[in-house]
Amino acid sequence: NAGVMQNPRHLVRRRGQEARLRCSPMKGHSHVYWYRQLPEEGLKFMVYLQKENIIDESGMPKERFSAEFPKEGPSILRIQQVVRGDSAAYFCASQPGRAGNTIYFGEGSWLTVV
Amino acid sequence: GNSVTQMEGPVTLSEEAFLTINCTYTATGYPSLFWYVQYPGEGLQLLLKATKADDKGSNKGFEATYRKETTSFHLEKGSVQVSDSAVYFCALLNTGFQKLVFGTGTRLLVSP
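To start, this report covers the structure provided alongside it. As the structure is a prediction and not an experimental result, all values here were calculated from the model.

1. So, the overall build of chain A
Working step 1: Looking only at helices and strands, chain A has zero helices and eleven strands in total.
Working step 2: Its helices and strands in sequence order give chain A the pattern β-β-β-β-β-β-β-β-β-β-β, from N to C terminus.
Working step 3: If you line up chain A on its principal axes, its C-alpha atoms span 40 × 25 × 25 Å.
Working step 4: For chain A, with 114 residues in total, the buried portion stands at 45%.
Working step 5: Look at the contacts in chain A between residues 6 or more apart in sequence, and 51% of them connect residues 24 or more apart.
Working step 6: Taking the 16 positively charged and 11 negatively charged side chains of chain A as two groups, their mean positions are separated by 4 Å.

2. Some words on the side chain of B:Ser32
Working step 1: Within the fold, B:Ser32 resides in strand β5 (residues 32-38).
Working step 2: Those residues in contact with B:Ser32, other than ones at most four positions away along the chain, are B:Ala50, B:Thr51, B:Ala91, B:Leu92 and B:Leu93.

3. A closer look at the sheet that holds strand β7 (residues 65-68) of chain A
Residue and element names in this part refer to chain A.
Working step 1: Strand order in the open sheet formed by four strands is β1-β3-β8-β7, with antiparallel pairing between adjacent strands. This sheet does not close on itself; its edge strands, each paired only once, are β1 (5-7) and β7. Strand-to-strand, the axes of this sheet are offset by a mean angle of 15°, without reference to chain direction.
Working step 2: When β1 meets strand β3 (residues 19-24), the two strands line up antiparallel, connected through three bridges. Bridge pairing links glutamine 6 to cysteine 23 in β3.

4. A word on the packing of aromatic side chains
Working step 1: One pass over the structure, following the stated rule, counts twelve aromatic pairs over all chains.
Working step 2: Look at A:Tyr33 and A:Tyr48: their rings are 4.5 Å apart centre to centre, the planes differ by 5°, and that puts the pair in the stacked class. Within this pair, whereas A:Tyr33 is found in strand β4 (residues 31-37), its partner A:Tyr48 is found in strand β5 (residues 43-50), the two being separated by 15 residues in sequence. When sorted by exposure, A:Tyr33 lands in the same class as A:Tyr48, which is buried.
Working step 3: Plain terms: the ring middles of A:Tyr35 and B:Phe102 are 5.4 Å apart, the flat faces sit at 85° to each other, and that makes the pair edge-to-face. Taken together, the residues A:Tyr35 in strand β4 and B:Phe102 in strand β11 (residues 100-102) connect one chain to another.
Working step 4: Judged by its relative accessible area of 10%, B:Phe102 falls in the buried class.

5. Section: the nonpolar core
Residues and elements named next belong to chain B.
Working step 1: One finds Leu19, Trp35, Leu47, Leu48, Phe73, Leu75 and Tyr88 to be the most contacted residues of the largest nonpolar core, which totals 27 residues.
Working step 2: Secondary structure elements with two or more residues in this core: β2 (11-14), β3 (19-21), β4 (23-26), β5, β6 (44-50), β8 (62-65), β10 (86-93) and β12 (106-111).
Working step 3: Sort the elements by how many residues they give to this core and β10 lands first, with four residues.
Working step 4: Leaving out residues up to four positions away in the same chain, leucine 75 has contacts with Leu19, Thr20, Ile21, Trp35, Leu47, Leu48, Phe62, Glu63, Ala64 and Tyr88.

6. Section: the interface of chain A and chain B
Working step 1: Facing the 23 residues of chain A at the interface are 19 residues of chain B.
Working step 2: In total, chain A and chain B occlude about 1,600 Å² of area from one another, counting both sides; carbon and sulfur atoms represent 56% of this.
Working step 3: The largest per-residue losses of area from chain A upon contact with chain B belong to A:Leu43, A:Thr102 and A:Phe105, which jointly make up 29% of the total buried on that side.
Working step 4: Summed over the shared surface of chain A and chain B, the result is one salt bridge.

7. Notes on unusual backbone geometry
Working step 1: Cis geometry marks the peptide bond from A:Asn7 to A:Pro8, where omega comes out at -5°.
Working step 2: Cis geometry marks the peptide bond from B:Gly9 to B:Pro10, where omega comes out at 0°.
Working step 3: Relative to the helices and strands, B:Pro10 is located in the loop between β1 (3-6) and β2.
Working step 4: In this model, B:Lys60 sits at a positive phi of 55°, which is unusual for a non-glycine residue.
Working step 5: You can see B:Lys60 is positioned in the loop between β7 (56-59) and β8.
Working step 6: With phi around 45°, B:Thr71 is a residue other than glycine that occupies positive phi space.
Working step 7: Along the chain, B:Thr71 turns up in the loop between β8 and β9 (75-77).
Working step 8: On the basis of relative accessible area, B:Thr71 is assigned to the partly exposed category, the value being 31%.

What counts as what
Residues numbered from 1 in each chain as written. Chains lettered and ligands numbered in written order. Predicted model: local features only at pLDDT ≥ 70, side-chain atom pairs only at ≥ 80, totals over all residues. Heavy atoms only, no water. Helix = DSSP H or I, 4+ residues; strand = E, 2+ residues; numbered from the N terminus. Buried < 20%, exposed > 50% of the residue type's maximum accessible area, 1.4 Å probe, protein only. Contact = heavy atoms within 4.5 Å. Lys, Arg positive; Asp, Glu negative; His and termini not counted. Charge placed at Lys NZ, Arg CZ, Asp CG, Glu CD. Pairing = 2+ DSSP bridges. Axes fitted to C-alpha atoms, helices over the stretch in contact; angles between N-to-C directions. Phe/Tyr/Trp six-rings, centres within 6.5 Å; stacked < 30°, edge-to-face > 60°. Core = buried A, V, L, I, M, F, W, Y, C linked by side-chain atoms within 4.5 Å. Buried area = accessible area lost by both parts, 1.4 Å probe. Salt bridge = Lys/Arg side-chain N within 4 Å of Asp/Glu carboxyl O.

Okay, here's the thing in structure tokens:
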């Protein structure tokens, strides 16, 4: 059973470009989370999704950031018009449908904005 | 609200020393508690967990006990190795809110 798969692992974008980060949850997991880790800081919750639904996006910046988890395919975190402050590691995590289960993390996508 | 407080790092130890990383939490209800470890350039790996008061989670020589009376979940290891050098994150999952809340992380550096 493969773990949570994220790609790309490393992404470099120029200011103003778009960044798309993909996450395939563990098999059988229907809940996906995105977290952001700024350099030398802890992880901050961004968004919680179930298939085709955003459940909690209280940690998402109001502009330029969006997330989806379609019925088929991976979850996508999209950052439009990136700025240097978006440089961070973005971690996806997944969980089986039942509440209270352990959340498993992917290896992260490191975004660098130049 | 829910929050996790960890001791600030870095924690610097010699090989075979005893390790304690303090973690306290604030939460409504009865959260589950976790320790995650992050090695350089990698993602987070679940180290151990405890789901109710007085539970002890353990893995790879690490252990932590869920203490409701002191709202703590301190991480301990009797004899650290160089390969334990990493950042350790304490986290809680409150089922009512269904998202992990992390502490700021504690960097552990173990020298030979």
